[in-house]
Amino acid sequence: MKIKLIQPAMLPRPMDTKLKTRMSPSLALLTIANLTPKEHEVIIENENVDKIDFDENVDLVAITVTVDVMNRAVEISKEFQNRGVKVIAGGIHITADSEGAVNRFDAIIIGMAERVWKKVLKDVENDSIKKIYYDMENINGNEIVSPDYSMIDNKKYLYTNIISTSRGCPFKCDFCYNSCTNSIKTYINRPIEDVIKDIKVLKTKHIMFIDDNFIGNPKWTKELLKEIKPLKLKWNAAVTSNIVDMPELLDEMKESGCQSLFIGFESINSKSIESVHKIQNSVSRYEKLVDEIHKRGIMINASFVFGLDEDDAEIFKSTLEWIVKNKIETVTSHIMTPYPGTKLYASLLKENRIVDHNLSNYNTSHVVYKPKNMTAEELYDGYLWIYKEVYTLKNIIKRLPKSKKQWIPFLAFNLLYRKFGRLTELVCNIVSFEVIGRFSRWVAYRIK
Ligand code: B12
Ligand code: SF4
């Protein structure tokens, strides 16, 4: 069969440029490509970088779906169905809200592709396709398949050295897809040798681990770090704030080449943290956490969510002050968004507070619910305001890291990605995303 795998176009937020939409390829699709028996032909089309060819003669279309692209996925599906092609959808949103997805495609897959994909292909060949596929019970890390990295067209992306070492997260914060009924129940790690194999396939010294939580099983993380230390890599990852209690792990991270950590601080208001059951976050220890990371020369990308029920309009000003005072190197902000299937969605729905059901607005830059202690306008304006303020020249200078060695990557991200992102996008359009990405990695690798 000729199989087309599609990632629908994401809808950029007001502060996004092509640097975001062309950031990296879909690991889900590259994994499905690798799972597909070689007798089939696989084509990948990522609508963020390619035009979808609806008229190409294909036997099957499979789409990967996150919540924000659900509407577009349905549109794409209809185009192919009108041409007589069967369409299958899977991914985080289909798994989280299978009820909402089930009749929108010929078939949906709940959970990971690894165990069911070959069965789906057989059923398509035998014209006996089922409406729902699911087989995730007791899934093991060694069942996770590597993405087929050889299929990436490097010219189209800014960064392609991405590796997933796990699935799921041991925590279940109310607003996260990990709180959904269908989400993977246990956190699983891949065998360390499989991760090392991926690193070698990528032939690079600079890696981004894109797990939800790189320290979901700290013992495993320590073992991996021991193995990657001799490879002399530089790497980044996302971790949870309970790393404050793991100074040895932080030491090993630094020694094995860690440059920066993405952390979901979410809020500096402890009542807000409690309201979404982010049990591992202790606001009173945030400054210690920042200090432990900074003193090891590791930078922080802090993520915040605004509009939690205990937040009022004061939260923006106090959060900005905290960010600047603690010299947080980069910041990602979100408006609280109740993804269907999550605990947060269920509770807001029960309280009749969801005011916008258009999933295209569920990309964390729209207010889709009725906030409790501020107006929707205050929330939206505060969200735009804090993005602008964090990246003013004055605040960039105030947040300069203590170590001069970090100034180049710090300034590159703050100025070239955030402050003057449109200009960088223009340069990338002229020179190519690959060349600019390669240059950034070359610089990043030389930072001690
Ligand atoms: C890397 C990443 C990005 C990259 C995207 C790169 C790309 N081109 O895909 C960037 C930084 C650009 C990004 C952007 C955004 N992201 Co993002 N991102 C991730 C992250 C960290 C990893 C995704 C990944 O590659 N995982 C590894 C792959 C192998 O796993 P997987 O996608 O789950 O695929 C497996 C199964 O789901 C299944 N599967 C998936 N698709 C399909 C399709 C078929 C047909 C089948 C059979 C099976 C199947 O099989 C796969 C193999 O096991 C996830 C968190 C996470 N851990 O998944 C968030 C995540 C996907 N992102 C999320 C969000 C919200 C966004 C943004 C909207 C954020 C924003 N405010 O702008 C945007 C836009 C999203 C979009 N439309 O792509 C949410 C989605 C929530 C939801 N309910 O849908 C997640 C889950 C983060 C979170 N915890 O909330 N993101
Ligand atoms: S710690 Fe992060 S990834 Fe884990 S459940 Fe909470 S929000 Fe999701």
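What you see is a predicted model; the values in this text were computed from it and never measured.

Chemist: Explain the overall build of the protein chain to me, using residue names and the numbers behind them.
Modeler: A count of helical and extended segments in the protein chain gives 18 helices and 14 strands. For a compact globule of 448 residues, the expected C-alpha radius of gyration is about 22 Å, and the protein chain comes in at 22 Å, within 12% of that figure. Seen through its principal axes, the protein chain has C-alpha atoms that stretch 60 × 55 × 45 Å. Among the 448 residues that make up the protein chain, the fraction classed as buried is 42%. Counting contacts in the protein chain only where the partners sit at least 6 residues apart, residues at least 24 apart contribute 77% of the total.

Chemist: I'd like to hear about the UniProt feature "domain: Radical SAM core" (unreviewed entry) in the protein chain, residue by residue, with values.
Modeler: Under the feature "domain: Radical SAM core" (unreviewed entry), the UniProt entry names residues 155-375. In this annotation, residues 155-375 is assigned 29% helix and 18% strand; the end-to-end C-alpha distance for the span is 44 Å.

Chemist: Just give me the short version of the domain arrangement of the protein chain, but keep the residues and values in it.
Modeler: Each assigned domain of the protein chain is listed here: domain 1 (1-133) and domain 2 (160-398). Each of domain 1 and domain 2 has a C-alpha centre, and these two points are 27 Å apart. Counting residues at the interface gives 20 residues for domain 1, matched by 20 residues for domain 2. Counting residues per element, the ones that place at least two in the side of domain 1 that touches domain 2 are helix 3 (70-82), helix 4 (92-96) and helix 5 (98-101). For the side of domain 1 that touches domain 2, the element with the highest residue contribution is helix 4, accounting for 3 residues.

Chemist: Pulling in residues and values, what's your account of the site of ligand 2?
Modeler: In the vicinity of ligand 2, the contacting residues are Cys169, Phe171, Lys172, Cys173, Cys176, Asn178, Asp212, Asn213, Thr240 and Gly264. Of the residues assigned to the shell around ligand 2, the class counts are 4 nonpolar, 4 polar and 2 charged.

Chemist: Could you give an account of the environment of Lys20, naming the residues involved and the relevant values?
Modeler: Relative to the helices and strands, Lys20 is located in helix 1 (residues 18-21). The exposure class of Lys20 is partly exposed, given the 17 C-beta atoms found within 10 Å. In this structure the C-alpha to C-alpha distance between Lys20 and Tyr417, which are 397 residues apart in sequence, comes to 9.1 Å.

Chemist: How would you explain the packing of helix 16 (residues 407-419) against helix 18 (residues 433-445) if you had to name every residue and give the values?
Modeler: It is at 9 Å that the axes of helix 16 and helix 18 come closest, and there the two elements cross at 150°. Accordingly, the angle class assigned to the pair helix 16 and helix 18 is roughly antiparallel. As for how helix 16 packs across helix 18, the hand of that crossing is left-handed. From helix 16, Ile408, Pro409 and Ala412 reach across to helix 18, where they touch Ser440, Val443 and Ala444. Split by residue class, the contact of helix 16 with helix 18 holds 5 nonpolar, 1 polar and no charged.

Chemist: For the nonpolar core, give the residues involved together with the corresponding values.
Modeler: Judged by nonpolar contacts, the single largest core of 105 residues is most densely connected at Leu5, Ile32, Ile63, Ala89 and Phe306. For this core, the domains that each give at least three residues are domain 1 (1-133) and domain 2 (160-398). If near-sequence neighbours (up to four positions away) are discounted, Leu5 is found in contact with Leu29, Ile32, Ala33, Val42, Ile44 and Ala62.

Chemist: Break down the pairing of strand 14 (residues 330-335) for me, citing the residues and quoting the values.
Modeler: Across 6 bridges, the pairing between strand 13 (residues 299-306) and strand 14 is parallel. Paired with Ala302 across the bridge in strand 14 is Val331. Each parallel crossover has a hand, and for strand 13 linked through helix 12 (residues 315-325) to strand 14 it is right-handed.

Procedures and definitions
- Residues numbered from 1 in each chain as written.
- Chains lettered and ligands numbered in written order.
- Predicted model: local features only at pLDDT ≥ 70, side-chain atom pairs only at ≥ 80, totals over all residues.
- Helix = DSSP H or I, 4+ residues; strand = E, 2+ residues; numbered from the N terminus.
- Rg over C-alpha atoms; globule rule 2.2 N^0.38 Å.
- Buried ≥ 20, exposed ≤ 12 C-beta atoms within 10 Å, placed from the backbone.
- Contact = placed C-beta atoms within 7 Å.
- UniProt positions renumbered as here; feature names shortened; annotations may be inferred.
- Domains from an automatic or database assignment.
- Near = placed C-beta within 6 Å.
- Nonpolar A, V, L, I, M, F, W, Y, C, P; charged D, E, K, R; others polar.
- Axes fitted to C-alpha atoms, helices over the stretch in contact; angles between N-to-C directions.
- Parallel < 35°, antiparallel > 145°, perpendicular 65-115°, else oblique.
- Left-handed = near helix turned anticlockwise from the far one by under 90°.
- Core = buried A, V, L, I, M, F, W, Y, C linked by C-beta atoms within 7 Å.
- Pairing = 2+ DSSP bridges.
- Right-handed = clockwise from strand over helix to strand, strands pointing away.

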